[in-house]
Structure formats: structure tokens, C-alpha cells
Amino acid sequence: MCTLIYTSGTTGDPKGVMLASAGFTHQLDVLERAFRIDPDVDHSLCFLPLSHAFERAWTYVVLSLGCRTTYCPDPRQVAELLAEVQPTLLCTVPRLIEKVYVVAHQKVAESSSKQAILAWALRVGAANQHAFRKGKQPSAWWRAQLPVADRLVLGNIRHALGGRKTVMACGGAPLRKELEEFLSACGVMCFQGYGMTEASPLISFPQHNAFKFGSCGRVLEGGEVRIGADGEILYRGPNVMKGYWNNPEATAATITDGWLHTGDVGHLDADGYLVITDRIKDLIITSNGKNIAPQPIEGLLLADPLFEYAVLLGDNRPYLTLLVSPSLPMLESLATQ
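This is a predicted model, so every value here is computed, not measured.

Reading the values: the criteria
- Residues numbered from 1 in each chain as written.
- Predicted model: local features only at pLDDT ≥ 70, side-chain atom pairs only at ≥ 80, totals over all residues.
- Heavy atoms only, no water.
- Helix = DSSP H or I, 4+ residues; strand = E, 2+ residues; numbered from the N terminus.
- Rg over C-alpha atoms; globule rule 2.2 N^0.38 Å.
- Buried < 20%, exposed > 50% of the residue type's maximum accessible area, 1.4 Å probe, protein only.
- Contact = heavy atoms within 4.5 Å.
- 1 Å grid on protein atoms, 1.4 Å probe; cavity = no way out; pocket = protein on both sides within 12 Å on 5 of 7 lines; lining within 4 Å.
- Points joined across faces, edges and corners; volume = space filled by probe spheres on them.
- Nonpolar A, V, L, I, M, F, W, Y, C, P; charged D, E, K, R; others polar.
- Axes fitted to C-alpha atoms, helices over the stretch in contact; angles between N-to-C directions.
- Parallel < 35°, antiparallel > 145°, perpendicular 65-115°, else oblique.
- Left-handed = near helix turned anticlockwise from the far one by under 90°.
- Polar contact = N/O pair within 3.5 Å; in protein donor to acceptor, adjacent residues only side chain to side chain.

Asker: Explain the overall build of the protein chain to me, and be specific about the residues and the numbers.
Answerer: Counting secondary structure elements, the protein chain contains ten helices and 20 strands. Taken against the 2.2 N^0.38 rule, which gives 20 Å for 337 residues, the C-alpha radius of gyration of the protein chain at 21 Å falls within 12% of a compact globule. In terms of overall dimensions, the protein chain has C-alpha extents of about 60 × 55 × 40 Å along its principal axes. Every one of the 337 residues in the protein chain was classed for burial, and the buried ones make up 45%. Taking the contacts inside the protein chain whose residues are at least 6 apart along the sequence as the reference set, 58% of them involve residues at least 24 apart.

Asker: Let's hear about the layout of surface pockets: which residues, and what values?
Answerer: Approximately 690 Å³ is the volume found for the second largest pocket. Around the second largest pocket, the lining is made up of 25 residues, and of these Lys-99, Val-100, Val-103, Ala-104 and Ala-160 lie nearest the centre. Secondary-structure elements contributing two or more residues to the lining of the second largest pocket are helix H3 (78-85), helix H4 (94-106), helix H5 (112-133) and helix H6 (140-160). Residues that form the lining of the second largest pocket fall into these classes: 19 nonpolar, one polar and five charged.

Asker: Report on the packing of helix H1 (residues 21-34) against helix H2 (residues 53-64), specifying residues and quantitative values.
Answerer: At a closest axis distance of 10 Å, the pairing of H1 and H2 adopts a crossing angle of 60°. Overall, the two elements H1 and H2 adopt an arrangement that is oblique. The handedness of the crossing between H1 and H2 is right-handed. On H2, the residues that touch Phe-24, Gln-27, Leu-28 and Leu-31 of H1 are Ala-57, Tyr-60, Val-61 and Ser-64. For the contact of H1 with H2, the residue count by class is six nonpolar, two polar and no charged.

Asker: Could you give me a rundown of unusual backbone geometry, with the residues and numbers involved?
Answerer: For the bond running from Ser-200 to Pro-201, omega is 0°, close enough to zero to count as cis. Positive phi is not limited to glycine here, since Ser-200 has a value of about 70°. As for its position among the elements, Ser-200 is in the loop between strand E8 (194-195) and strand E9 (202-205). Under the relative-accessibility criterion, Ser-200 is labelled buried at 1%. Phi angles above zero are rare outside glycine, and Asn-316 is one such case at about 60°. As for its placement among the helices and strands, Asn-316 is situated in the loop between strand E19 (307-313) and strand E20 (321-326).

Asker: How would you summarise empty space enclosed by the protein if you had to cite specific residues and measurements?
Answerer: According to the stated counting rule, one finds one cavity of 30 Å³ or more in the structure shown. Within this model, the largest cavity holds a volume of roughly 60 Å³. Lining the largest cavity are Glu-180, Met-189, Cys-190, Phe-191, Gln-192, Pro-206, Phe-211, Lys-212, Phe-213, Ser-215 and Gly-217. Grouping the constituent residues of the lining of the largest cavity by class yields six nonpolar, three polar and two charged.

Asker: Requested: an account of the environment of Gln-145, with residues and values cited.
Answerer: Structurally, Gln-145 can be placed in helix H6. On the basis of relative accessible area, Gln-145 is assigned to the buried category, the value being 14%. C-alpha of Gln-145 to C-alpha of Asn-128: the two residues are 17 residues apart in sequence and 9.6 Å apart in space. Apart from the residues lying within four places of it in its own chain, the contact partners of Gln-145 are Trp-120 and Val-124.

Asker: Explain the environment of Thr-254 residue by residue, including any values.
Answerer: Relative to the elements of secondary structure, Thr-254 occurs in helix H8 (residues 248-254). Along the primary structure Thr-254 and Leu-234 are separated by 20 residues, whereas in three dimensions their C-alpha atoms are 9.9 Å apart. A polar contact is formed between the side chain of Thr-254 and the backbone oxygen of Ala-250, at a distance of 2.9 Å.

In C-alpha cells, the structure reads:
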């Protein structure tokens, strides 16, 4: 065993996940082959806690490759440090990207001409990136506009994220498709992977030459995914935990015949890309017998910068209840207007 990392406890009592050295080193070997990271050029910014399996594994990658890393002592300083450090490697969560997206739109909210410029620049960036992703040359029309769009808008957004990235990985929660497209239009490719603490944590991830928006990439080399009868994602691979510390009952309930039960619902598409649709425990079953997946509804609301958090309730009730928390800066801006 290499380390114990405790689960968050959001779906029960925290459990100590026993993770083996071999699970981490397998991931290191796979990621080293998947990405071209140069220790003389690339450096990372660490702002997530090291008690988070995602950041712990990523730190192992950075240090094993001999890259420099900068530690952010206070998450509230991350925006300042991104601009100062300009890291080429970044392990992040959707909340940071959402804030960049919201701020970009806030800055143009009071001017219709600035809103039009932002929308135009994102269209130009998206058109160019769409061609690049297909291995094609963008049309002369879109190429001619890109330097101006980059100077006026796209470059400023990249600067807020710390400049261009060799690898920008996002995990911990679903990243909305419009945020992936927003980053891509700005010239920043964000790799949304999928995993859990019990898998050390990587189960699937995209690469520069193998990704689709709205998916979590292909399954980790050496691992296998199958979909259970109820749509649950099951994973088997060399990085699965040894079990829960002093909790054989929970271990037996989570790992069956070597397959890790993730608790997430999803499917593999025709090209082998993993798509997550919901969590089994998150599904709402009303007293009328209707099954409702809350995440897509919450995601639609959170696409509006006015909302900071949204939670849908309704299990065993005849109706749904929505709890929302507004973004205070957006609320103040709206009140001022």
C-alpha cells in the first residue's frame, strides 16, 4: 500500500481507500506516453488539496517527470497566481472554469457592442479550432479574423487562465459542454477525464488526438469498463484500490469479482468514448413513480451566470423543489442596472 485517501463522506461515512504503489505507477507510465511533457519547459500550479485523489495523482505525475510545481496556499489566490505563474500544466475543477466564463461575460454585460465583439471572437475561435481538431486548415475567411479576435478577446481569456497549456485536466465534477467549447474557442484544450478515489483515481481520459466534447475520453490503457444491467459503470484495472481500511463489508459491496462498482450511470459510444449521464444515488424517484435525473436540469440552470448553485429535490415527493443560490456579484450588477 502506498497511501490512504479518505472519501468525502457525501454519500455516507468517510472510508479510507487503500491505494497501492503499483496503481499509481501504472497511471504514470500511461500518462507519460499519452502527453509530451518537457521538464525544461512545463511547470504546474497546484491549488486543489493533496487529500483529493485527483490532485495527489497529478502531483505524482508532475514530480516523477521532474517538472516544477507552484503551490497555492489559499484557493482565493488562484486567479492571481495563474496570471503570475503562467503554468503550462494545470489540474482543475469545473468551478474555476465557470468563474472565468462568468467574469468574461460580466465584463461586457453593460455594453451591447462589447457583447457583440465577445460573441464574434468566440465564433471565430470556435471555427478555427473546429478545423484544427479535424486536422484541416481553417478557411481563409476565419484565419484572417483570428489575429484580431485573439488580440481583442481570446488572448485575454487565456491570460486569465495562465496562458497556453500543454495539459489542462479537469475532474471532480462534470464539466458542461458549453464550457469545453468556450475554452476551445479561446485556444485552450481542457481534458475532462473520469475517475474516483477507489481507482487511484483514473478510469478514462481524453488526449490531443482522441477526444470528443461531452465525453470523458477512452478507458485507461490496461483497464476495462463494462456497463451493468442498471446502466452502472463497472471498472476493472491495475489501479483499483486494495479495499477500504478496516471495512471488509464496504469493500465487498463495492468490488465484485474484481469489478469496481462506480455508482455512476453512463455508456460507451461507438468509438469507445465514455459518457457519464448521472449518479445512481442521485436519481430522483417521485411518489408518482417518475424517475428524474437532476444533473441535466441543474446544469441548464448553472449555464446562467446569475446562479452559483442549484439543487433539485423530490425523492418520494409528488413534486420537485429547486433550491438555488444566486451569484452575489451578478446580483449586485443586476441591481445596479
